Amino acid sequence: VVAAKQQILKDHLPRVGVIGTSQHMSSVDEQQEETNTLAFPSISTADFQFDHYKASTILVESVSEFLLKNPNAGLKLMLVDIGSKSHMLSLVKKKATELNVDSDRFTFFTGDITKIRSSGGPPCNVLANATNWRLKAGGGGVNAAIFKAAGPELEEATRKVATTLLPGSSIVVPLSPSSPLRKEEGVTHVIHVLGPNMNPQRPNCLADDYVEGCKILRNAYASLFENFASLFQ
Ligand code: AR6
């Protein structure tokens, strides 16, 4: 009886091992084939004048939550800032190290968000745009750069999805194959996201109400990351 039991166990174990290994290998293969990266700016921290320390904490915690909720290693996030001495990038890098955030899935890039691939950066198929409530091209910062680089195709595609945006929310806009941003940089989608505004010169100023501001910034990142993940489910 003992010998028979041992034989059953022996027969069983290698089979489990083989199935386990082959499943593991195929999921690794899939991950290698399918990497989807969202390149995003630090929302609200330039023109919208949000406090950098508070914003960096919210940013890193939001990234961390996203990575836990979405264990698919092929979904990656990359924080981008144009300034070579970016205060936000250094704050976020420090906090991400403290919180032990997976450095393979959360990376950093210094440069223009509209020229990542052409300037030697990793391929990013989705870009986040820190926009205004009217989803209007122009102005400054990331919004002006992304609308300019994507051409009139982005304005047209945006209008089909929405004409306004509430603070703390985001919308996904697919880029047409004729858009220069798609042709030259490989960007397939832009996600417009509206953060909290602390600048009295801009609409919906929160006049230093950081309780409301922090809530809106958390909602903005949650909405942005959820929309990104939903593209690949
Ligand atoms: N590439 C990479 N990062 C950039 C670029 C770029 N081309 N331009 C700016 N940044 P901001 P906000 C960084 O001002 O504070 C617009 O006028 C910048 O250093 O673009 O959310 C809209 O229409 C900062 O870290 O967005 C809104 O009215 C981050 O991107 C308003 O600004 C965000 O800066 C939104 O203000």
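**What to know about the overall build of the protein chain**
For step 1, the next point in the chain: Tallying secondary structure elements over the protein chain gives seven helices and six strands in all.
For step 2, the next point in the chain: Starting at the N terminus and walking to the C terminus, you meet the elements of the protein chain as α-β-α-β-α-β-β-α-α-β-α-β-α.
For step 3, the next point in the chain: A total of 233 residues make up the protein chain; the buried ones form 42% of that total.

**A short note on the confidence of the model for the protein chain**
For step 1, the next point in the chain: Here the protein chain averages 89 in pLDDT, and 86% of its residues register 70 or above.
For step 2, the next point in the chain: Across residues 5–31, where pLDDT falls below 50, the model places one contact with residues more than four positions away in sequence or in other chains.

**Observations concerning the pairing of strand E5 (residues 170–174)**
For step 1, the next point in the chain: Burial within E5 is extensive, with four of its five residues counted as buried.
For step 2, the next point in the chain: One ladder, built from five bridges, connects E5 with strand E6 (residues 189–193); its direction is antiparallel. Directly across from Ile 171, in E6, lies its bridge partner His 192.

**Some remarks on the nonpolar core**
Considering soluble globular proteins, one finds that nonpolar side chains tend to be buried as a cluster.
For step 1, the next point in the chain: Residues Leu 38, Phe 40, Phe 106 and Leu 224 are the most contacted members of the largest nonpolar core, which totals 38 residues.
For step 2, the next point in the chain: Excluding anything up to four places from it in sequence, Leu 38 contacts Lys 76, Leu 77, Met 78, Val 126, Leu 127, Ala 128, Ile 191, Leu 224, Phe 225 and Phe 228.
For step 3, the next point in the chain: Residues Ala 39, Met 78, Ile 146 and Leu 175 belong to the second largest nonpolar core, which totals 24 residues.

**Thoughts on the site of the ligand**
For step 1, the next point in the chain: Around the ligand, 22 residues are found, and the nearest of them are Ser 44, Asp 81, Ile 113, Asn 132 and Val 142.
For step 2, the next point in the chain: Residue Asp 47 places a main-chain N or O atom 3.0 Å away from an oxygen atom belonging to the ligand.
For step 3, the next point in the chain: Within the side chain of Asp 81, one N or O atom sits 2.7 Å away from an oxygen atom of the ligand.
For step 4, the next point in the chain: Expressed as a share of its isolated accessible area of 700 Å², the protein-covered part of the ligand is 91%.
For step 5, the next point in the chain: Put simply, the ligand lies in the largest pocket.
For step 6, the next point in the chain: For the shell around the ligand, the secondary structure elements donating two or more residues are strand E2 (75–81) and helix H4 (141–150).
For step 7, the next point in the chain: Residue contributions to the shell around the ligand peak at four residues, all from H4.
For step 8, the next point in the chain: Across the shell around the ligand, the residue classes tally to 10 nonpolar, nine polar and three charged.

**Quick word on the side chain of Thr 37**
For step 1, the next point in the chain: Of note, Thr 37 is situated in strand E1 (residues 36–40).
For step 2, the next point in the chain: Thr 37 gets classed as buried once you look at its relative accessible area, which sits at 7%.
For step 3, the next point in the chain: Apart from residues no more than four positions distant in its own chain, Thr 37 is found in contact with Lys 76, Met 78, Pro 123, Cys 124, Asn 125, Val 126 and Phe 228.

Definitions and cut-offs
Throughout, a residue's number is its position along its own chain's written sequence, starting from 1. Reporting of local features is limited, given that this is a predicted model, to residues whose pLDDT is at least 70; pairs of side-chain atoms are given and counted only at 80 or more, and all residues count toward the totals for whole chains, interfaces and linings. Just so you know, side-chain values use all the structure's heavy atoms and leave hydrogens and water out. Here a strand is any run of E in DSSP of at least two residues, a helix any run of H or I of at least four, and the numbering for each starts at the N terminus. Partly exposed describes any residue whose relative accessible area lies between the buried limit of under 20% and the exposed limit of over 50%, with all areas from a 1.4 Å probe on protein chains only and scaled to the type maximum. pLDDT is a per-residue confidence score from the predictor, ranging from 0 to 100. Here a residue-residue contact requires only that any non-hydrogen atoms of the pair lie within 4.5 Å. A pair of strands is treated as paired once DSSP finds two or more bridges between them. As used here, the term nonpolar core means buried Ala, Val, Leu, Ile, Met, Phe, Trp, Tyr and Cys residues forming a set that is joined through side-chain atoms within 4.5 Å. Near residues are defined by distance, with any heavy atom within 4 Å of the molecule or strand qualifying the residue. Counted as a polar contact is a pair of N or O atoms within 3.5 Å, where, for protein atoms, one must be capable of donating a hydrogen and the other of accepting one, and residues adjacent in sequence contribute only when both atoms are in side chains. Shrake-Rupley sampling with a 1.4 Å probe provides the accessible areas, and residues are treated as covered by the protein chains on show and by no other component. Here a cavity is any set of points on a 1 Å grid over the protein atoms alone where a 1.4 Å probe fits but cannot get out, and a pocket is any open set with protein on both sides within 12 Å along at least 5 of 7 lines; a residue lines the site when it has an atom within 4 Å of a point. More than half of a molecule's atoms within 2 Å of the grid points is what it takes for that molecule to sit in a cavity or pocket. In this classification, Asp, Glu, Lys and Arg are treated as charged, Ala, Val, Leu, Ile, Met, Phe, Trp, Tyr, Cys and Pro as nonpolar, and every other residue, Gly included, as polar.

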